[in-house]
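Understanding the architecture of this molecule
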Amino acid sequence: MQTVIFLICAVGAVAAGIAVFRVDSMARATLALLASFVVAAIPILLLGLSYLGVLVILMMVMEMMIMAVFMVMYMMNPAGLMPMKMVHNNRMSLVIAAVVFVLLAAGALLTPWPSGGRATSDPTLALGMDLMGPHMLVMIVIGLALFATMIAVVVLSTHRGRYDRFGDDLRRRTPDDPVRGGLGK
Amino acid sequence: MGSRMISALLWNIILGFVFLGVLAYAAAAWSAFLSARESGTSPVAALAGPGRETARLLIRQRSIAPGADALLARIGTWLLPLAALLAVLVIPLGQHAISDLSVGVVWFNAMEVLAWAAVWMVGWGSNSIWGLVGANRFLAQGLAYELPHMFALITAAVGAGSLRVSDIAAVQEQPGHLWFVVYMPAAFLVFLLSLLGFAFFGPFNQPVGREIAGGAAAGISGIDRLLLLAGRYLLLTAGAAMAVPLFLGGGAGPLLPAWPWVLFKTVAVLAVLVWIGRRVPAVRMERFTEISWLVLLPLTILQALAVSIFVLVGWI
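Note that the coordinates shown come from a computational prediction; the quantities given were computed from them, not determined experimentally.

**Some words on empty space enclosed by the protein**
Residues and elements named next belong to chain B. Scanning the model with the defined rule gives one cavity of 30 Å³ or more in all. As a volume, the largest cavity reaches approximately 80 Å³. Together, Ser63, Ile64, Ala65, Ala68, Ala70, Ala73, Arg74, Gly125, Ser126, Gly219, Ile220 and Asp224 line the largest cavity. With three residues, helix H4 (residues 70-88) is the largest single contributor of residues to the lining of the largest cavity. Class assignment of the residues belonging to the lining of the largest cavity gives a composition of six nonpolar, four polar and two charged.

**Quick word on the layout of surface pockets**
Gaps left between atoms show up when a probe the size of a water molecule is rolled over them. Residues and elements named next belong to chain B. Estimates place the volume of the largest pocket at around 1300 Å³. Ser31, Leu229, Arg232, Tyr233 and Arg278 are, among the 42 residues lining the largest pocket, the residues nearest its centre. Elements with a minimum of two residues in the lining of the largest pocket: helix H1 (3-39), helix H2 (43-46), helix H3 (49-59), helix H10 (222-247) and helix H11 (258-279). If one sorts the elements of the lining of the largest pocket by residue count, H10 sits on top with nine residues.

**A few points about the environment of Val56 of chain A**
Inspection of the secondary structure assignment puts Val56 of chain A in helix H3 (residues 50-74). Val56 of chain A has contacts with Ala41 and Ile44 of chain A, leaving out every residue within four places of it along the chain.

**Quick notes on the packing of aromatic side chains**
Residues and elements named next belong to chain B. Under the counting rule described, the total for this entry stands at 12 aromatic pairs over all chains. On the basis of an interplanar angle of 80 degrees and a centroid distance of 5.2 Å, the ring pair of Phe138 and Phe200 is categorised as edge-to-face. Placement of Phe138 in helix H6 (residues 129-160) and of Phe200 in the loop between helix H9 (185-198) and H10 is noted, with a sequence separation of 62 residues between them. Both residues of the pair, Phe138 and Phe200, belong to the buried class. With centroids separated by 6.3 Å and ring planes inclined at 70 degrees, the aromatic side chains of Phe180 and Tyr183 adopt a geometry described as edge-to-face.

**Observations regarding the interface of chain B and chain A**
If you look at the interface, chain B gives 29 residues, while chain A gives 26 residues. Carbon and sulfur atoms make up 82% of the surface buried where chain B meets chain A, a total of about 2400 Å² over both sides. Three residues stand out in chain B for area buried against chain A, namely Trp120, Trp124 and Glu290 of chain B, and they jointly supply 21% of the buried area on that side. For the interface between chain B and chain A, the tally reads one salt bridge. For Asp69 of chain B, the salt bridge goes to Arg28 of chain A, with nearest N and O atoms at 2.6 Å.

**Overview of the nonpolar core**
One finds Met65 of chain A together with Trp116, Trp120, Phe180, Phe191, Leu246 and Phe247 of chain B to be the most contacted residues of the largest nonpolar core, which totals 114 residues. Element by element, the count of residues in this core is highest for helix H5 (residues 104-125) of chain B, at 17 residues. Other than its neighbours up to four places away in sequence, Trp116 of chain B contacts Met62, Met65 and Ile66 of chain A together with Phe138, Leu139, Gly142, Leu143, Tyr145, Glu146 and Phe198 of chain B.

**With respect to the domain arrangement of chain A**
Per the domain assignment, the segments of chain A are domain 1 (1-99 + 123-131) and domain 2 (134-179). Of note, the centres of domain 1 of chain A and domain 2 of chain A, computed from C-alpha atoms alone, are 31 Å apart.

**Comments concerning the packing of H3 of chain A against H5 of chain B**
At their nearest, the axes of H3 of chain A and H5 of chain B sit 9 Å apart, and the two run at 25 degrees to each other. In terms of axis orientation, H3 of chain A runs roughly parallel to H5 of chain B. In terms of crossing hand, the pair formed by H3 of chain A and H5 of chain B is left-handed. Seen from H3 of chain A, the contacting residues are Tyr51, Val54, Leu55, Leu58, Val61, Met62, Met65, Ile66, Ala68, Val69 and Val72 of chain A; seen from H5 of chain B, they are Val106, Trp107, Asn109, Ala110, Val113, Leu114, Trp116, Ala117, Trp120 and Trp124 of chain B. Broken down by class, the residue content of the contact of H3 of chain A with H5 of chain B amounts to 20 nonpolar, one polar and no charged.

**Considerations on a nonpolar patch on the surface**
A contiguous nonpolar surface patch, about 660 Å² in accessible area, is contributed by Met92, Val95, Ile96, Val99, Val100, Leu103 and Leu104 of chain A. Looking at where Leu103 of chain A falls in the secondary structure, it is placed in helix H4 (residues 90-110).

**A closer look at the pattern of salt bridges**
Residues and elements named next belong to chain B. Counted according to the given criterion, the structure contains eight salt bridges over all chains. In this structure, Asp224 engages Arg62 in a salt bridge whose closest nitrogen and oxygen atoms are separated by 3.2 Å. Note that Asp224 is positioned in helix H10 and Arg62 in the loop between H3 and H4, a separation of 162 residues in sequence. A salt bridge links Arg164 to Asp167, with the nearest nitrogen and oxygen atoms 3.8 Å apart. You can call Asp167 partly exposed: its relative accessible area is 30%. Beyond isolated ion pairs, a larger network of salt bridges with shared partners links Arg62, Arg74 and Asp224.

**Looking at unusual backbone geometry**
Residues and elements named next belong to chain A. A positive phi angle, near 55 degrees, is found at Asn89, a position not held by glycine. Tracing the backbone through its elements, the reader meets Asn89 in the loop between H3 and H4. A relative accessible area of 51% means that Asn89 is categorised as exposed. Even without being a glycine, Leu170 presents a positive backbone phi close to 55 degrees. Position of Leu170 among the secondary structure elements: in the segment after helix H7 (162-166).

**Quick notes on the side chain of Thr30 of chain A**
All names here are of chain A. Along the polypeptide, Thr30 turns up in helix H2 (residues 26-46). On the basis of relative accessibility, which here comes to 1%, the residue Thr30 falls in the buried class. Within the structure, the side chain of Thr30 is placed 2.7 Å from the backbone oxygen of Met26, a separation counted as a polar contact. Aside from chain neighbours lying at most four places away, what touches Thr30 is Met64, Met67, Ala68 and Met71.

**Details of the packing of helix H7 (residues 165-173) of chain B against H10 of chain B**
Residues and elements named next belong to chain B. One can describe the packing of H7 onto H10 by two numbers: an axis separation of 7 Å at closest approach and a directional angle of 50 degrees. Taken together, the axis directions place H7 and H10 in an arrangement best described as oblique. Here Val165, Ile168, Ala169 and Gln172 of H7 lie close against H10, whose contacting residues are Met242, Pro245, Leu246 and Phe247. Classifying every residue of the contact of H7 with H10 by side-chain character gives seven nonpolar, one polar and no charged.

Rules used in this analysis
Residues numbered from 1 in each chain as written. Chains lettered and ligands numbered in written order. Predicted model: local features only at pLDDT ≥ 70, side-chain atom pairs only at ≥ 80, totals over all residues. Heavy atoms only, no water. 1 Å grid on protein atoms, 1.4 Å probe; cavity = no way out; pocket = protein on both sides within 12 Å on 5 of 7 lines; lining within 4 Å. Points joined across faces, edges and corners; volume = space filled by probe spheres on them. Helix = DSSP H or I, 4+ residues; strand = E, 2+ residues; numbered from the N terminus. Nonpolar A, V, L, I, M, F, W, Y, C, P; charged D, E, K, R; others polar. Contact = heavy atoms within 4.5 Å. Phe/Tyr/Trp six-rings, centres within 6.5 Å; stacked < 30°, edge-to-face > 60°. Buried < 20%, exposed > 50% of the residue type's maximum accessible area, 1.4 Å probe, protein only. Buried area = accessible area lost by both parts, 1.4 Å probe. Salt bridge = Lys/Arg side-chain N within 4 Å of Asp/Glu carboxyl O. Core = buried A, V, L, I, M, F, W, Y, C linked by side-chain atoms within 4.5 Å. Domains from an automatic or database assignment. Axes fitted to C-alpha atoms, helices over the stretch in contact; angles between N-to-C directions. Parallel < 35°, antiparallel > 145°, perpendicular 65-115°, else oblique. Left-handed = near helix turned anticlockwise from the far one by under 90°. Patch = residues over 30% accessible without salt bridge, like charges linked within 9 Å, V, L, I, M, F, W, Y side chains within 5 Å. Areas by Shrake-Rupley, 256 points an atom, 1.4 Å probe, with all protein chains shown as cover. Polar contact = N/O pair within 3.5 Å; in protein donor to acceptor, adjacent residues only side chain to side chain.

This is the structure:
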């Protein structure tokens with residue numbers, strides 16, 4: 001039963017992944033990618049990692065829908081609204097794809113996986129401890145650094161700074177924003 | 001799994017979906033009732049309004065704009081009611097949920113978020129500029145309410161020390177324990193608010209706003225429109241039902257057994273939600289975004305902190 005579900009999900013994920021490059025619309029490509037991610041989350045559920053599996057579905061749906069808006073927005077033809085080809089630079093892409101596939105497959109096949117599962121009441125906790133138990137401090141620091149980077153990028157990329165909002169001497173009480181928020185600011 | 005268990009499971013599913021459908025119709029009828037009373041027409045006649053509208057949409061032809069992405073629009077219209085049905089699987093009606101997952105709270109949120117994909121697919125797929133504007137509005141609103149919503153859900157889970165919905169309800173049913181709404185009123189209010197957001201109802205109805213010709217629903221008619229509108233009420237109903245085990249003590253109540261209490265509380269929450277939806281004026285996306293990030297998000301984080309401290313000192 002589990003094998004059947006896994007096979008269906010594996011074939012489905014690959015098929016949806018291929019569809020990403022065969023369809024001619026930005027929206028369909030994004031949603032095919034989303035379908036691929038969601039189907040790939042189901043084997044995580046099969047492993048008994050229900051929290052991670054459901055979380056992957058939740059996060060993928062959210063991020064791919066935001067991604068859809070940006071994908072449509074940033075396309076070169078009129079706003080990504082028209083039918084378009086989803087592939088370019090074919091030869092190099094094929095080479096990169098083949099190399100990455102071989103590397104990942106080799107990693108999966110050559111890694112000395114532990115044999116004989118350990119019975120555990122909370123597989124999510126066990127996985128978390130195995131993945132980063134001794135490295136928790138590093139992970140927290142990396143998390144902070146990532147977050148700080150995100151804020152810095154937003155600050156650098158916005159064309160309006162505090163002097164635009166609060167005046168040259170920063171004395172303006174209410175900021176002068178092109179779009180007014182709900183707090184009267 | 002024996003065949004008896006499977007048939008019991010099927011009956012549970014059918015019963016749960018029937019309850020959900022009836023309550024969703026009641027919500028639509030209550031909304032029509034309030035709207036008729038405001039406009040001075042017969043409120044009692046309006047109770048059958050959603051039924052008449054359903055019949056009208058069922059016999060109406062589907063409209064397809066040239067160049068529409070019918071596949072995506074169809075998937076989207078079916079996905080919205082389906083998301084609501086999947087969300088109720090983890091909600092206990094009485095003692096037992098249809099499927100009492102150990103991560104029920106996360107499951108519920110994941111199924112709610114399917115609405116983002118559904119509405120966006122419908123808005124995009126109808127190949128109408130208003131449809132796309134409405135779809136993007138829905139996502140913009142979502143970015144504002146989703147984080148406070150998650151913190152509200154997590155706060156209830158922290159209070160019970162479990163992500164299983166029946167565990168959360170069970171903690172509140174123990175003698176000496178108050179309902180979670182007493183410990184976490186801010187989380188409860190934010191939860192209700194984001195339910196209106198997920199169902200793009202009332203103050204959050206800009207995705208299907210009148211000033212953009214119906215927005216995400218602009219390009220669809222017939223059964224597609226019916227599914228979208230029904231899905232909206234189903235989602236609102238599923239949310240109201242979820243508020244009961246999370247914050248309102250689940251099946252706790254005097255005299256009656258658990259399931260009438262769950263039903264009664266769900267109806268009450270739903271009635272209040274629809275009433276708020278009709279009374280409160282629309283709040284625009286950009287305004288709500290600032291309110292959400294500067295007020296609601298810090299508020300829910302403080303609420304989660306307070307509840308964590310309550311748990312540590314043993315008050316919950």
